Amino acid sequence: MSILQEQAVRLISNLSDDNVKFLIEFMQRFMFAGNADAEDDMALQALHRLHGARQEVWQYLPQDFDPDRELAEARSAKYDCAY
């Protein structure tokens with residue numbers, strides 16, 4: 001092990017577990033900054049899964065379901081009656 005690596009190990013060994021966790025996360029972000037395309041792909045895949053889930057949920061709702069109307073009715077029931 002090089003002198004720099006030994007010095008790094010000594011410094012890290014004096015840190016609390018929370019600080020070591022933060023340091024590891026920081027190092028991972030720094031080392032994998034070049035993999036932004038992979039992160040973008042993962043985000044895009046998540047967006048596609050979300051869209052698919054929305055489509056799946058809509059099939060279980062009544063045909064005349066109107067989320068804006070439902071929200072307006074719920075707000076009216078909750079806040080208009082409270083006064």
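Criteria and thresholds
Residues numbered from 1 in each chain as written. Predicted model: local features only at pLDDT ≥ 70, side-chain atom pairs only at ≥ 80, totals over all residues. Heavy atoms only, no water. Helix = DSSP H or I, 4+ residues; strand = E, 2+ residues; numbered from the N terminus. Buried < 20%, exposed > 50% of the residue type's maximum accessible area, 1.4 Å probe, protein only. Patch = residues over 30% accessible without salt bridge, like charges linked within 9 Å, V, L, I, M, F, W, Y side chains within 5 Å. Areas by Shrake-Rupley, 256 points an atom, 1.4 Å probe, with all protein chains shown as cover. Salt bridge = Lys/Arg side-chain N within 4 Å of Asp/Glu carboxyl O. pLDDT = per-residue confidence, 0-100.

Next up on the list: the overall build of the protein chain. Along the backbone of the protein chain there are four helices and zero strands. If you list the helices and strands of the protein chain from N to C, you get α-α-α-α. Within the protein chain, the proportion of its 83 residues that are buried is 0%.

Moving on to a nonpolar patch on the surface. On the surface, F22, F26, M27, F30 and M31 cluster together into a nonpolar patch covering about 610 Å² of accessible area. Residue placement: F26 occurs in helix α2 (residues 17–31). Classification of F26 as partly exposed rests on a relative accessible area of 47%.

One pass over the full model with this rule turns up two salt bridges. R69 serves as the salt-bridge partner of E70, at 3.8 Å between the closest nitrogen and oxygen. When its relative accessible area of 36% is taken as the criterion, R69 is described as partly exposed. One salt bridge in this structure joins R69 and E73, with 3.7 Å as the shortest N-O distance. Of this pair, R69 and E73 both sit in helix α4 (residues 67–80), four residues apart, roughly one helical turn. Several salt bridges converge on common partners, so that one network encompasses R69, E70 and E73.

Moving on, we come to the confidence of the model for the protein chain. A residue-level look at the protein chain finds 87% of positions with pLDDT of 70 or above and a mean pLDDT of 83. By mean pLDDT, helix α3 (residues 36–58) is the weakest element of the protein chain at 82, and α4 is the strongest at 90.

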